[in-house]
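# Close look at the chain arrangement
Listed below are the residues making up each chain.
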Amino acid sequence: PKEEWDRFHSRLPEAMRPLTSAEKVEYRRPDNLPENFAYSDELANASKAWAVEAGARPRIAQAYHDRFVGYMAEQAAAQQAALSRSVEATHDELVRDWGPTDSDGFRQKLEVANRAMKKLGLVDAYKQKGVLLPDGALTDPQIARAFHAIGEAMFREDTIDADGAPRGQNPF
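Residues numbered from 1 in each chain as written. Predicted model: local features only at pLDDT ≥ 70, side-chain atom pairs only at ≥ 80, totals over all residues. Heavy atoms only, no water.

### A look at the overall build of the chain
Basically, it comes down to this: Secondary structure elements are taken from DSSP: a helix is a run of H or I of four residues or more, a strand is a run of E of two residues or more, and numbering for both begins at the N terminus. To get the radius of gyration, use the C-alpha atoms; to get the globule rule, take the number of residues to the power 0.38 and multiply by 2.2 Å.
When you go through the chain residue by residue, the secondary structure sums to six helices and zero strands. Secondary structure of the chain in N-to-C order comes out as α-α-α-α-α-α. Taking 172 residues into account, the globule formula puts the C-alpha radius of gyration at 16 Å, and the chain, at 28 Å, lies well above it. Taking the principal axes of the C-alpha coordinates as reference, the chain spans close to 90 × 30 × 20 Å.

### Focus: a nonpolar patch on the surface
We count it as follows: Each patch is built from salt-bridge-free residues with over 30% relative accessible area, joining like charges within 9 Å and nonpolar side chains (Val, Leu, Ile, Met, Phe, Trp, Tyr) within 5 Å. The Shrake-Rupley method, run with a 1.4 Å probe sphere, supplies the accessible areas, and residue values consider only the shown protein chains as cover. By convention in these notes, a salt bridge is any Lys or Arg side-chain nitrogen within 4 Å of a carboxyl oxygen on Asp or Glu.
Among the surface-exposed residues, Leu120, Ile150 and Met154 lie close enough to one another that they form a single nonpolar patch of about 230 Å² accessible area. With respect to the helices, strands and loops of the structure, Leu120 is situated in the loop between helix H4 (104–119) and helix H5 (123–129).

### Focus: the packing of aromatic side chains
Here is the rule we go by: Each aromatic pair joins two rings of Phe, Tyr and Trp (for Trp, the six-membered one) with centres within 6.5 Å, and gets the label stacked for planes under 30 degrees apart, edge-to-face for over 60, and tilted for any other angle. Only protein chains enter the calculation, and the probe is 1.4 Å; a residue is then buried if its accessible area is under 20% of its type maximum, exposed if over 50%, and partly exposed in between. Any Lys NZ or Arg CZ found within 6 Å of a ring centre and within 35 degrees of that ring's normal is scored as a charge over the ring.
By the definition in use, this model includes three aromatic pairs. Look at Trp98 and Phe106: their rings are 5.6 Å apart centre to centre, the planes differ by 65°, and that puts the pair in the edge-to-face class. Side by side, Trp98 and Phe106 carry an identical accessibility label, which is buried. In this structure, Arg115 is placed above the aromatic ring of Phe155, and the distance from its NZ or CZ to the ring centre is 4.3 Å.

### Regarding the layout of surface pockets
Stated formally: With a 1 Å grid spanning the protein atoms alone, the term cavity applies to any set of points in which a 1.4 Å probe fits but cannot get out, the term pocket to an open set with protein on both sides within 12 Å along at least five of seven lines, and the term lining residue to any residue with an atom within 4 Å of a point. Grid points are joined across faces, edges and corners, and a volume is the space filled by probe spheres set on the points. Classification convention: Asp, Glu, Lys, Arg as charged; Ala, Val, Leu, Ile, Met, Phe, Trp, Tyr, Cys, Pro as nonpolar; all other residues, Gly among them, as polar.
Estimated volume of the largest pocket: approximately 460 Å³. Lining the largest pocket are 19 residues, and of these Arg17, Pro18, Leu19, Thr20 and Pro58 lie nearest its centre. At the level of elements, helix H1 (2–10) and helix H3 (58–98) are the ones that each hand at least two residues to the lining of the largest pocket. The class makeup of the residues in the lining of the largest pocket is seven nonpolar, four polar and eight charged. As a volume, the second largest pocket reaches approximately 300 Å³. As for the second largest pocket, its lining consists of 15 residues, of which Leu94, Leu110, Gly136, Ala137 and Leu138 are closest to the centre. When contributions to the lining of the second largest pocket are tallied by element, the ones reaching two or more residues are H3 and H4. The element contributing the most residues to the lining of the second largest pocket is H4, with five residues.

### Focus on the environment of Leu122
Cut-off, in case you're wondering: When checking whether two residues touch, look at their non-hydrogen atoms; a contact exists if any pair is within 4.5 Å.
With respect to the helices, strands and loops of the structure, Leu122 is situated in the loop between H4 and H5. The exposure class assigned to Leu122 is partly exposed, which follows from its relative accessible area of 25%. Residues Leu122 and Asp31, spaced 91 residues apart in sequence, show a C-alpha to C-alpha distance of 40 Å. Once residues lying within four places of it in the same chain are set aside, the contact partners of Leu122 are Met117 and Phe147.

### Observations regarding the environment of His148
Mapping His148 onto the fold places it in helix H6 (residues 141–154). Residue classification places His148 among the buried positions, given a relative accessible area of 15%. Taking the C-alpha atoms as reference points, His148 and Arg115, 33 residues apart in sequence, are found 8.8 Å from one another. Contacts of His148, omitting those with residues within four sequence positions, involve Trp98, Lys109, Val112 and Ala113.

See the structure below:
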């Protein structure tokens, strides 16, 4: 019964007693976290109540906190590495398809794709979803090719980077 456990715990040193209040839990941020790691005080505070519910001792609560935060940091690093690989693969594939990044062909195709994405109002939405990174890097070459095709259709008569000459036939 709970009363017997309470009597037993009351005879233990404070550090060995189960936590009874979330306010008594004081987590220390682990030292080995990456500088850019988004530590969540909100999540840490929520987990204090969970430690009390579980009847954890302070040392155990801190150990679980540290392991969980460490795991989150590992996952964030793995996600960042995967994102970097995706950006590199996108770059490599577009260079294969469109030519070197410093070529006129590449720059023109990229400009048409960018204009189409802006004209359709999708830049912010794609940034929120991680398809387009804050620095403008794409994570999927299919998106660039699709917007290039859309831009070609949208701006067919445009003279962008075409020495003032229309790029398509006038339908009239």
